[in-house]
Amino acid sequence: MDLEGMAKISILLVGLWLLVNWSGLLDAKNMKYKNPKHSTDTRVEDLVSRMTLEEKIGQMLQVERKYVSADLLKKYFIGAVLSEGGSIPAPQASAETWIDMVNEFQKGALSTRLGIPMFYGIDAVHGHNTVHNATIFPHNIGLGATRDPELVKRIGAATALEVRATGIQYVYSPCIAVCRDPRWGRCYESFSEDPELVQAMTEIIPGLQGDIPNDSPKGVPFITGKEKVIGCAKHYVGDGGTINGIDEHNTVIDRDGLMKIHMPGYFSSISKGVATIMASYSSWNGVKMHAHHDLITGFLKNTLHFKGFVISDFEGLDRITSPPRANITYSIEAGVSAGIDMFMVPKHYTEFIDVLTMLVKNKHIPMSRIDDAVGRILWVKLMMGIFENPFADYSLVKYLGIQEHRNLAREAVRKSMVLLKNGESADKPLLPLPKKSPKILVAGSHADNLGYQCGGWTIEWQGVSGNNLLKGTTILTAVKNTVDPETTVVYKENPDVEFVKSNGFSYAIVIVGEHPYAEMYGDSMNLTIPEPGPKIITNVCGAIKCVVIIISGRPVVIEPYVGLIDALVAAWLPGSEGQGVADVLYGGYGFTGKLPRTWFKTVDQLPMNVGDPHYDPLFPFGFGLSTKPSKALYSS
Ligand code: GLC
């Protein structure tokens, strides 16, 4: 071989050596982060040490599915994707379609230099509520009425299983807001006005993530098993305490009050191993929570030793300024410096990458802050096991919306019903109703509407109306299922007095309430039931014996009608399994629910919470009449 040939081969060999070295193939056997035999800490340390700044910043992003692809995930090293409310891969998409989408994104993430897997997040806040055919459980306010942490834990486990059935690994649940003013549009996402009841309901976290071992170090996230998900306690902190319940507004309270009312849920959540905590859009005494270094880094991380990661809310960075995005460089520096680790940046993610890269390179943000954020995120991913099992398991699709979960939801519905009035006196109760009557009337806008009975955060962000987008049992159907076959059930949504009087009905069941809403769209300064609800109540209850069932995300104005009503039930937002309502109406089970929040007389009393000096409610916190199951009346 001539000299020229030998020179070419030498250059080729040197180039090959350099390539192999750069790519790290030579030390593949030393890639500790890929070896589950090493401790999580060792694997995190090894991986962070290998990452470029670009790869680290990519891990701090969670982007919305509509604005990204597998190729873009690879290009920008993005580590997480989400569905915002109602964001679906296809109309009425099957579990398989969801898995195909998640796995496609995963392929993009795994094709990066270090092959760090991504995870997918969604708001599964009362079951897997975005997904067609999923079981829809009662919203948190109804779960608070059950006073049953063990039930709520089972709901967490069922929800986790249905979420993993669609290939998704991360849920933005539970909301542990302590709603102190029902005028807040998110009050139904809050278990209660009482911090202790909210703490009890954090039992949903081991349901979602798995039971934390007794010897688990304090503050360490714990997730186990292919049927569990990463949970998220939200919204940190004081989201339910804003002035007049105005969403995303300002919570004015001293530190002692914040710690006593709004913080206890986080103590419990961290002790149960919650993996992530979401920052609130709201402010505390005028300082935006998304920019609050003292409460995020100082208290949550350094005092409570929270070892999971803090995630921003959706475009939470943008809303640090008013108007939003007025100074995005300031917002990004403020949010990252405050201690937030992952950022929900649905579409402006290249801007986030460019700005944060500049801030780090100009020493405005130390690499240590970036490494802390990335380390926490990787810790959760490694604990979740997605390095070893990055792709979804199609064998789980059979669990979506299974009857066992629907039975569980029905049990939760039963236990969430609060009986506020039952006949004119205790010795003349109207409930339980007789199964056998000649003819009964069912009336009201919410009697035969699955969308209404599920409320917001169902299929769509703001919820839906009607029965064609959901699988479940309306309350009207439940009544028909329960009464004796010889009982004629007449349904008329909005009957006039003449109709009510002239048909010989034994009694009527009136089901009315709020229309679905979410977040700021639910803020209400008057809390009235939308017409024709009140008119239906007066038309029917002024003429014959009536049971009124209120479908609402919170206490609403009912005081003017209580005298007309014979029996009154607060049903909250029961979800897909309306059969649970008939179960207690007809004595298959007794009423056991207790008010998770105060029911006011008039809105000008608000805010008014149990323990307040001037406490004059229509029905107090904890109130709820009981009935006994009437076996004779109820064939199982
Ligand atoms: C919303 C909500 C938050 C939710 C997030 C993602 O705006 O504030 O509760 O988890 O965005 O949908």
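Residues numbered from 1 in each chain as written. Predicted model: local features only at pLDDT ≥ 70, side-chain atom pairs only at ≥ 80, totals over all residues. Heavy atoms only, no water.

### Some points on the domain arrangement of the protein chain
Accessible area lost on assembly of the parts is the figure often given for the size of an interface. Quick reminder of the rule: Note that the domain bounds were set by an automatic or database domain assignment. By definition, residues are in contact when any of their heavy atoms lie within 4.5 Å. Summed over both partners, the accessible area (1.4 Å probe) lost when two parts come together is defined as the buried area. Every case where a carboxyl oxygen of Asp or Glu lies within 4 Å of a side-chain nitrogen of Lys or Arg is listed as a salt bridge. Throughout this description, a polar contact denotes any pair of N or O atoms lying within 3.5 Å of each other; where both atoms belong to protein, one of them has to be capable of donating a hydrogen while the other can accept it, and for residues adjacent in sequence the pair is counted only when both atoms sit in side chains.
Domain annotation of the protein chain identifies domain 1 (30-399) and domain 2 (417-633). A straight line from the C-alpha centre of domain 1 to that of domain 2 covers 35 Å. Opposite the 44 residues of domain 1 that make contact, domain 2 presents 46 residues. For the pair domain 1 and domain 2, the summed buried surface comes to about 3400 Å²; carbon and sulfur atoms form 53% of the total. Summed over the shared surface of domain 1 and domain 2, the result is 2 salt bridges. One salt bridge in this structure joins Glu519 and Arg186, with 3.6 Å as the shortest N-O distance. Where domain 1 touches domain 2, the interface holds 27 residue pairs in polar contact (both at pLDDT 80 or more).

### Let's talk about the sheet that holds strand β9 (residues 287-288)
The criterion, for reference: If DSSP finds at least two bridges between two strands, the strands pair. Each helix corresponds to a stretch of at least 4 residues labelled H or I by DSSP, and each strand to a stretch of at least 2 residues labelled E; elements are numbered beginning at the N terminus.
The strand order β6-β8-β9 describes an open sheet built from 3 strands, whose pairing is mixed. Each edge of the open sheet carries a strand with a single partner, namely β6 (250-251) and β9. Bridge analysis of strand β8 (residues 283-284) against β9 gives 2 bridges, and the strand direction is antiparallel. Bridged to Trp284 within β9 is Val287.

### Description of the UniProt feature "domain: Glycoside hydrolase family 3 C-terminal" (unreviewed entry) in the protein chain
Convention followed: UniProt positions are given in the numbering used here, feature names are shortened, and annotations may be inferred rather than shown by experiment.
Per the UniProt entry, the sites bearing "domain: Glycoside hydrolase family 3 C-terminal" (unreviewed entry) are residues 417-626 in this numbering. The span residues 417-626 shows a helical share of 16% and a strand share of 16%, and its end C-alpha atoms are spaced 10 Å apart.

### Here we look at the site of the ligand
Applied cut-off: If even one non-hydrogen atom of a residue comes within 4 Å of a molecule or strand, that residue is called near it. Using the Shrake-Rupley algorithm and a 1.4 Å probe, accessible areas are obtained, with residue cover drawn only from the displayed protein chains. Put simply, Ala, Val, Leu, Ile, Met, Phe, Trp, Tyr, Cys and Pro go in the nonpolar bin, Asp, Glu, Lys and Arg in the charged bin, and everything else, Gly too, in the polar bin.
For the ligand, the full set of nearby residues is Asp123, Tyr172, Arg186, Lys234, His235, Met278, Tyr281, Asp313, Phe314, Met344, Trp457 and Glu519. With respect to the ligand, the side chain of Lys234 contributes an N or O atom lying 2.9 Å from an oxygen atom. Separating an oxygen atom of the ligand from a side-chain N or O atom of Asp313 is a distance of 2.6 Å. Relative to its unbound accessible surface of 310 Å², the ligand loses 96% to contact with the protein. A class-by-class count of the residues in the shell around the ligand yields 6 nonpolar, 1 polar and 5 charged.

### Re the UniProt feature "domain: Glycoside hydrolase family 3 N-terminal" (unreviewed entry) in the protein chain
The positions that UniProt labels "domain: Glycoside hydrolase family 3 N-terminal" (unreviewed entry) are, in the present scheme, residues 52-378. Between the first and last C-alpha atoms of residues 52-378 the distance is 15 Å; the span itself is 39% helix and 10% strand.

### What to know about the packing of aromatic side chains
In plain terms, the rule: Centres within 6.5 Å make a pair out of two Phe, Tyr or Trp rings, where for Trp the six-membered ring is used; the pair is then stacked when the planes are under 30 degrees apart, edge-to-face when over 60, and tilted otherwise. Burial status follows relative accessibility: with a 1.4 Å probe on protein chains alone, a residue under 20% of its type maximum counts as buried, one over 50% as exposed, and anything between as partly exposed. Each ring is checked for a lysine NZ or an arginine CZ that lies within 6 Å of its centre and within 35 degrees of its normal; such an atom marks a charge sitting over the ring.
For the structure shown, the criterion picks out 15 aromatic pairs. A ring pair is formed by Tyr170 and Phe309, whose centres lie 6.0 Å apart and whose planes are at 75°; its orientation type is edge-to-face. One end of the pair, Tyr170, is in strand β4 (residues 170-171); the other, Phe309, is in strand β10 (residues 309-311), with 139 residues separating them in the sequence. Tyr170 sits in the buried class, given a relative accessible area of 0%. Residue classification places Phe309 among the buried residues on the basis of a relative accessible area of 0%. Look at Phe343 and Phe352: their rings are 5.2 Å apart centre to centre, the planes differ by 40°, and that puts the pair in the tilted class. Accessibility expressed as a relative area gives 0% for Phe343, which makes it buried. Of the residues examined, Phe352 reaches a relative accessible area of 1% and is grouped as buried. Among the aromatic residues, those joined into a cluster by ring pairs are Phe119, Tyr170, Tyr172 and Phe309. The lysine or arginine in question, Lys439, covers the ring of Phe505, its NZ or CZ lying 5.4 Å from the ring centre.

### Overview of the nonpolar core
Our working definition: As used in this record, nonpolar core signifies buried Ala, Val, Leu, Ile, Met, Phe, Trp, Tyr and Cys residues forming a set joined through side-chain atoms within 4.5 Å.
Counting residues in hydrophobic clusters, the biggest one holds 128 residues, and the most contacted among them are Tyr236, Leu295 and Leu356. A per-element tally of this core places helix α15 (residues 367-384) first, with 9 residues. What Leu295 contacts, discounting residues up to four positions off in sequence, is Tyr236, Val237, Arg255, Leu258, Met259, Met263, Trp284, Met289 and Leu300. With 67 residues, the next largest nonpolar core counts Ala508, Val510, Leu573 and Leu595 among its residues.

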